[in-house]
Amino acid sequence: MTGVVAVTGASGYLGSRIADGFARDGWLVLRMSRGNPDARFSFADGAPAGLFRDNGVTALVHCAWDLTVSKRADLEALNVQGSIRLMEQARAEGVKTIVFISTISAFPGCKSDYGQTKLEVEEAARRLGALVVRPGLVFGDQPGGMVGALNGAVGKLPLVPLIGNGRQVLFPAHEDDVVALIRRLVAQPDLVKPGEPVIAASEQGWTFRRILAELAARRGRKVRAVPIPWRAIWLPFKAAESIGLRLSFRSDSVVSIVNQDPSPDFAPTRAAGVTFRDFAPPTPTEDLLNA
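Please read these numbers as outputs of a predicted model, since none were measured by experiment.

How each quantity is defined
- Here the residue numbers are simple positions, counted from 1 along each chain's written sequence.
- In keeping with the model being predicted, local features are shown solely for residues with a pLDDT of at least 70 and side-chain atom pairs are shown and tallied solely at 80 or more, while totals for entire chains, interfaces and linings include all residues.
- Calculated side-chain values reflect all of the structure's heavy atoms, with hydrogen atoms and water omitted.
- For two strands to be treated as a pair, DSSP must find no fewer than two bridges joining them.
- Helix and strand assignments follow DSSP, with helices taken as H or I runs no shorter than four residues and strands as E runs no shorter than two, numbered in order from the N terminus.
- For helices, the fitted axis covers only the stretch in contact; all axes are lines through C-alpha atoms, and the angles between them, taken along N-to-C directions, range from 0 to 180 degrees.
- By definition in these notes, contact holds between two residues if any of their heavy atoms fall within 4.5 Å.
- Note on angle classes: values under 35 degrees are labelled roughly parallel, values over 145 roughly antiparallel, values of 65 to 115 roughly perpendicular, and the remainder oblique.
- In a left-handed crossing the near helix is turned counterclockwise from the far helix by less than a right angle, and in a right-handed crossing that turn is clockwise.
- All amino acids are sorted into three groups, where Ala, Val, Leu, Ile, Met, Phe, Trp, Tyr, Cys and Pro are nonpolar, Asp, Glu, Lys and Arg are charged, and the leftover types, Gly among them, are polar.
- To sort residues, take the accessible area from a 1.4 Å probe on protein chains only and compare it with the maximum for the residue type: under 20% means buried, over 50% means exposed, and anything in between is partly exposed.

## Remarks on the sheet that holds strand 2 (residues 28-32)
Then, number 1: What the 6 strands build is an open sheet, ordered 2-1-3-4-5-10; its pairing is parallel. Since the sheet does not close on itself, it has two edges, and those belong to strand 2 and strand 10 (197-200), each with one partner. Geometrically, the sheet is characterised by an average inter-axis angle of 20° between neighbouring strands, direction not taken into account.
Then, number 2: Of the pairings in the sheet, the one linking strand 3 (residues 59-62) to strand 4 (residues 97-101) comprises 4 bridges and is parallel in character. What sits directly across from alanine 59, in strand 4, is threonine 97.
Then, number 3: Here helix 4 (residues 113-127) sits on the sheet and contacts strand 4, strand 5 (131-135) and strand 10; the angle it forms with strand 4, its principal contact strand, is near 165°.
Then, number 4: Where helix 6 (residues 175-187) meets the sheet, it contacts strand 3, strand 4, strand 5 and strand 10, and its direction lies at approximately 150° from that of strand 10.

Written as structure tokens, this is what we have:
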């Protein structure tokens, strides 16, 4: 099955991988972003009326999320309301399949603003009959996002702050496997129930400490990690954001790391039939991180 798929956030890290994956499969890809005059989209202004209908769009993958805003009110006004308006417009203009890219940090009881606002959009997605995908810690040969920031830190810093005790369990997700899952769901949306969160990640969890160790090993480095209470790391980032500084690592990401879903449900992932590779071969790399 091919057709026309619209992808928001197509100029970003994961969005660009998703768009490229569909293009390789023979889809015509409408790369929606603020800078594309033929498919302009922003959370503040939305998308032009008739964009989906006029371009014959059959599927929408909503991957965009404005990470430059940190105040909860701005997150609600831009990301939440903007996402809901976009999905409603897509439905009204005849888009058959909508996939909302959420996060594994979104779950009942989550504490990060990122997770909580993604949950709000998930609820709207459920109401609209859209599919929900929750990627884990996305990585690849040239990682972006959180893994990219962590990889940069272990490559440059002689001492790496270890959030808390570093025993928080994260679930890695190779970017190619995330893309494969999304393509599978667009081609066969009946594999899962609308609105049922599909975890896009390996079931093999890794501790935050071990992830840092593996990233250091890949760069041939032996780094020293300094355990620091998470609030002591969170506060400087929060203070910097309050005066308008944009950092590669956000204060809310610290909250996400220390408040992970204790028991993600991988049953819908198995039903979709996509296997996620492990972060790395199970080798004893943790001794490379001397805490």
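## Structural notes on the packing of helix 5 (residues 145-156) against helix 7 (residues 208-218)
Then, number 1: For the pair helix 5 and helix 7, interaxial distance at closest approach is 9 Å and the crossing angle is 60°. Viewed along their axes, helix 5 and helix 7 adopt a mutual orientation that is oblique. Where helix 5 crosses over helix 7, the two elements pack in a sense that is right-handed. Contacts between helix 5 and helix 7 involve Val147, Leu150, Asn151 and Val154 from the former and Phe208, Leu212, Leu215 and Ala216 from the latter.
Then, number 2: When grouped by side-chain class, the residues that make up the contact of helix 5 with helix 7 number 7 nonpolar, 1 polar and no charged.

## A look at the environment of serine 102
Then, number 1: For serine 102, the position within the fold is in the loop between strand 4 and helix 4.
Then, number 2: Owing to a relative accessible area of 4%, serine 102 belongs among the buried residues under this scheme.
Then, number 3: Beyond its immediate sequence surroundings of up to four residues, serine 102 is in contact with Lys118, Glu122, Val132, Val133, Arg134 and Pro135.

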